[in-house]
Amino acid sequence: MAPAVVVCGSGENPEFEGRITVYVIVCAIIAAFGGLMFGYDIGISGGVTSMDDFLEKFFPAVYRKKRHALPNNYCKYDNQSLQLFTSSLYLAALSASFIASKVCSEAGRKHTMQIASVFFFTGAILTSGGVNIEMLIFGRIFLGFGVGFANQAVPLFLSEMAPSRIRGALNISFQLFITIGILIANLINYFTSNIHPYGWRISLAIAGLPALMLCLGSILICETPTSLIERNKVEKGIKVLRKIRGVEDVDDEFDSILNACEMARKVKDPFRKLMKPVSRPPLVIAICLQVFQQFTGINAIMFYAPVLFQTVGFGNQAALLSSVITGLVNVFSTVVSVYLVDTVGRRFLLLEGCVQMFISQIIIGIILLKDLKPVGNDLSKGEAIIVVMMVCVFVMGFAWSWGPLGWLIPSETFPLETRSAGFAFAVSSNMLFTFVVAQAFLSMLCRMQARIFFFFAGWIVIMGVFTWFLLPETKGVPVDSMVDKVWKQHWFWSCFMADDDLRTDVKVV
Ligand code: BGC
């Protein structure tokens, strides 16, 4: 089982010597191609599944329904195998993340990222060269293994490489690269949708590029000192630490890593420890944040934005262009979060995000309920533009709150010895519920029609209440003091702290 991950929150060990070296930045950019792979895939699926050439070849029933039958506005794309094309990846990633957690600690972060890139590259070849639906799904499973391995290794790699004072921002840069990947995919779809009949193949093949960059780039990067020391390669670990910090004297940081690794080794079975009551607060919060993140409905928008925009009456091109706009909003709003997260705090961003997402979902729901009937009409141009604007407001609210914080908070609230195992739960919950939403959304849109937006709005109320009452503020709290300063002080979570076998005094690096 994976030994604990050694990361630190936001600059709580300022005494460590070191500069922000060019080498660290290069390593971080190369690793971030893992986020780009994930984001590219999120963005590409929706565009491809709305392209006629693709539908005609693999999903003729959906194509006929879209072209010839008198289509029900809300049901144009309702097809289980079309949804399986998108969602199969997440099922594969879900199972891969637990294996990846083991590989990550036994073979190291760098090799795990290399394995991820090979999986992803193979998946890109299989899907872009697809001749039948089986080959497509098989390719998606390979892509999923790539995502599962990359999502476990890249955030850990980034956290362990970064000097502690830029660790928080570097964490969110993983999410930033996801959003850049989504945007690039939207742009590529916009252009390839005009290339007949194989534009979709180009879209799917380009997924191989970030994988190739990650694979070749990772030859240049080194393993993290933590992972080396954890695997008893102590001499090499010190050498790498000196190189990435750009100074000779790294004794303090080295001692901390050593100390943390030794303490973590004492916990023989982190998954068992995770099941104890004392681990409940961070575990429940990590899982809930990921489940709620998906029940905002964000991926209904990310995967199916072009489909959704066609539903409200845009043509193919206008729909794809609108999803480029939402992609841009997503990237820029994530940058806002990098700046705000350590000043206004996590709770404020999450609650503000809830209000913004709730209002926009309700407005979209009301417009569609009032004016988009199942058969026969499209929205007026003005109404369709309001829907696109509200989608942008929604994406903005998500991108500076639940998007990055869904990943950041689980990485900072677990104590050292359960951090890796806990993070694997966070990754797999994300994948599971991404799968659920991806698989169900088009059928739900068909059955619930406009009311689906009220369904998501209902979840947003629940997550707002959860945040208000149960999510403590962790801004500025050192990760190794979470138990004393956060959980033991909390009106509700403190009752799980009675069984105080949760180690609180380990120095975390
Ligand atoms: C989520 C993805 C989502 C993306 C959108 C990520 O944090 O995990 O499911 O598609 O944000 O930017």
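Asks: Would you take a moment to explain the packing of aromatic side chains for this structure?
Replies: Between two aromatic rings, the relevant description is the distance of the centres plus the angle of the planes. Tallied over the full model, the rule gives 27 aromatic pairs. Note on Phe119 and Phe142: the rings are 6.1 Å apart at their centroids and 55° apart in plane angle, and the pair reads as tilted. With Phe119 in helix α5 (residues 109–128) and Phe142 in helix α6 (residues 133–161), this residue pair connects regions lying 23 residues apart in the sequence. With a centroid separation of 5.5 Å and an interplanar angle of 65°, the aromatic rings of Phe455 and Phe456 are classed as edge-to-face. What makes Phe455 partly exposed here is its relative accessible area of 29%. Every member of this aromatic cluster is reached through a ring pair, and the members are Phe292, Phe295, Trp402, Phe433, Phe441, Phe455, Phe456, Trp459 and Phe466. Positioned over the ring face of Phe58 is Lys57, at 5.7 Å from the centre of the ring. Stacked on the ring of Tyr23, the Lys or Arg Lys243 has its end atom at 4.4 Å from the ring centre.

Asks: I'm lost on the site of the ligand in this one. Help?
Replies: Around the ligand, the structure places 13 residues, and the nearest of them are Gln175, Gln293, Gln294, Asn299 and Trp407. Within the side chain of Gln175, an N or O atom sits 2.8 Å from an oxygen atom of the ligand. A distance of 3.0 Å is found between an oxygen atom of the ligand and a side-chain nitrogen or oxygen belonging to Gln294. Alone, the ligand offers 310 Å² of accessible surface; in the complex the protein occludes 100% of this. According to the grid-proximity analysis, the pocket containing the ligand is the largest cavity. Elements supplying a minimum of two residues to the shell around the ligand: α7 (167–192), α14 (280–295), α15 (298–311) and α19 (402–413). Broken down by element, the residue count for the shell around the ligand peaks at three residues, all from α7. Taken together, the residues of the shell around the ligand break down into five nonpolar, eight polar and no charged.

Asks: Would you mind going over helix α18 (residues 381–399) with me for this structure?
Replies: Side chains that are three or four residues apart share a direction in an α-helix, a result of its 3.6 residues per turn. Between its first and last C-alpha, α18 extends 27 Å over 19 residues, near the 27 Å set by a 1.5 Å rise per residue. Among the residues of α18, Glu383, Ala384, Val387, Val388, Met390, Val391, Cys392, Phe394, Val395, Gly397, Phe398 and Ala399 are the ones counted as buried.

Asks: Can you help me understand a nonpolar patch on the surface in this one?
Replies: A surface patch of nonpolar side chains, about 970 Å² in accessible area, is lined by Val355, Phe358, Ile359, Ile363, Ile386, Val461, Val465, Trp468, Phe469 and Trp491. Of all elements in the fold, only α17 (346–371) and α21 (452–470) reach the threshold of two or more residues within the nonpolar patch. By the element assignment, Ile363 lies in helix α17. Exposure remark for Ile363: the relative accessible area of 30% places this residue in the partly exposed category.

Asks: Would you take a moment to explain the environment of Arg419 for this structure?
Replies: Within the secondary structure, Arg419 is located in helix α20 (residues 416–448). With a relative accessible area of 2%, Arg419 lands in the buried category. Sequence separation of Arg419 and Gly353 is 66 residues, and the distance between their C-alpha atoms is 26 Å.

Asks: Any chance you could explain the confidence of the model for the protein chain here in plain terms?
Replies: Atomic detail in the predicted coordinates should be set aside for any region of low pLDDT. In this model, the protein chain carries an average pLDDT of 86, and 92% of its residues clear a pLDDT of 70 or more. The least confident element of the protein chain is α15, whose mean pLDDT is 77; the most confident is helix α8 (residues 199–206), at 97. Across residues 1–14 the pLDDT falls below 50, and counting only partners more than four positions away or on other chains, this stretch makes 57 contacts in the model. The model gives residues 502–509 a pLDDT under 50, and that stretch makes 36 contacts with residues more than four places away or in other chains.

Asks: I keep staring at the pattern of salt bridges and nothing clicks. Help me out?
Replies: What the rule picks out here adds up to eleven salt bridges. In this structure, the salt-bridge partner of Glu248 is Arg242, at a minimum N-O distance of 3.6 Å. Overall, the relative accessible area of 29% leaves Arg242 in the partly exposed class. Three or more residues joined by partner-sharing salt bridges are found here, namely Arg109, Glu160 and Glu230.

Asks: Looking at this structure, how should I read α21?
Replies: Between its first and last C-alpha atoms α21 spans 27 Å; for 19 residues at 1.5 Å apiece the expected length is 27 Å, and the two agree. Taken residue by residue, α21 has Ile452, Phe453, Phe456, Ala457, Ile460, Met463, Gly464, Phe466, Thr467 and Leu470 as its buried positions.

Asks: Help me understand empty space enclosed by the protein in this model?
Replies: It is a probe the size of a water molecule, rolled over the atoms, that shows where empty space is left. In the structure shown here, the tally under the stated rule is eight cavities of 30 Å³ or more. Looking at the largest cavity, its volume works out to about 180 Å³. Counting residues per element, the ones that place at least two in the lining of the largest cavity are α1 (22–48), α7, α14, α15 and α20. Per-class residue counts for the lining of the largest cavity are ten nonpolar, eight polar and no charged.

Asks: What is the right way to read the packing of α14 against α19 from this model?
Replies: Packed helices, taken two at a time, are described by their axes: the angle between them and the distance between them. Following both chains from N to C, one finds α14 and α19 inclined at 165°, their axes separated by 9 Å at the closest point. In terms of axis orientation, α14 runs roughly antiparallel to α19. Here α14 runs over α19; the crossing is left-handed. When α14 is examined against α19, the residues Pro282, Ile285, Ala286, Leu289, Gln290, Phe292 and Gln293 are found in contact with a partner set consisting of Trp402, Gly403, Leu405, Gly406, Trp407, Ile409, Pro410 and Thr413. Residue classes in the contact of α14 with α19 are distributed as ten nonpolar, five polar and no charged.

Conventions used here
- Residues numbered from 1 in each chain as written.
- Predicted model: local features only at pLDDT ≥ 70, side-chain atom pairs only at ≥ 80, totals over all residues.
- Heavy atoms only, no water.
- Phe/Tyr/Trp six-rings, centres within 6.5 Å; stacked < 30°, edge-to-face > 60°.
- Helix = DSSP H or I, 4+ residues; strand = E, 2+ residues; numbered from the N terminus.
- Buried < 20%, exposed > 50% of the residue type's maximum accessible area, 1.4 Å probe, protein only.
- Lys NZ or Arg CZ within 6 Å of the ring centre and 35° of its normal.
- Near = heavy atom within 4 Å.
- Polar contact = N/O pair within 3.5 Å; in protein donor to acceptor, adjacent residues only side chain to side chain.
- Areas by Shrake-Rupley, 256 points an atom, 1.4 Å probe, with all protein chains shown as cover.
- 1 Å grid on protein atoms, 1.4 Å probe; cavity = no way out; pocket = protein on both sides within 12 Å on 5 of 7 lines; lining within 4 Å.
- Sits in = over half its atoms within 2 Å of the grid points.
- Nonpolar A, V, L, I, M, F, W, Y, C, P; charged D, E, K, R; others polar.
- Expected span 1.5 Å × (residues − 1).
- Patch = residues over 30% accessible without salt bridge, like charges linked within 9 Å, V, L, I, M, F, W, Y side chains within 5 Å.
- Salt bridge = Lys/Arg side-chain N within 4 Å of Asp/Glu carboxyl O.
- pLDDT = per-residue confidence, 0-100.
- Contact = heavy atoms within 4.5 Å.
- Points joined across faces, edges and corners; volume = space filled by probe spheres on them.
- Axes fitted to C-alpha atoms, helices over the stretch in contact; angles between N-to-C directions.
- Parallel < 35°, antiparallel > 145°, perpendicular 65-115°, else oblique.
- Left-handed = near helix turned anticlockwise from the far one by under 90°.

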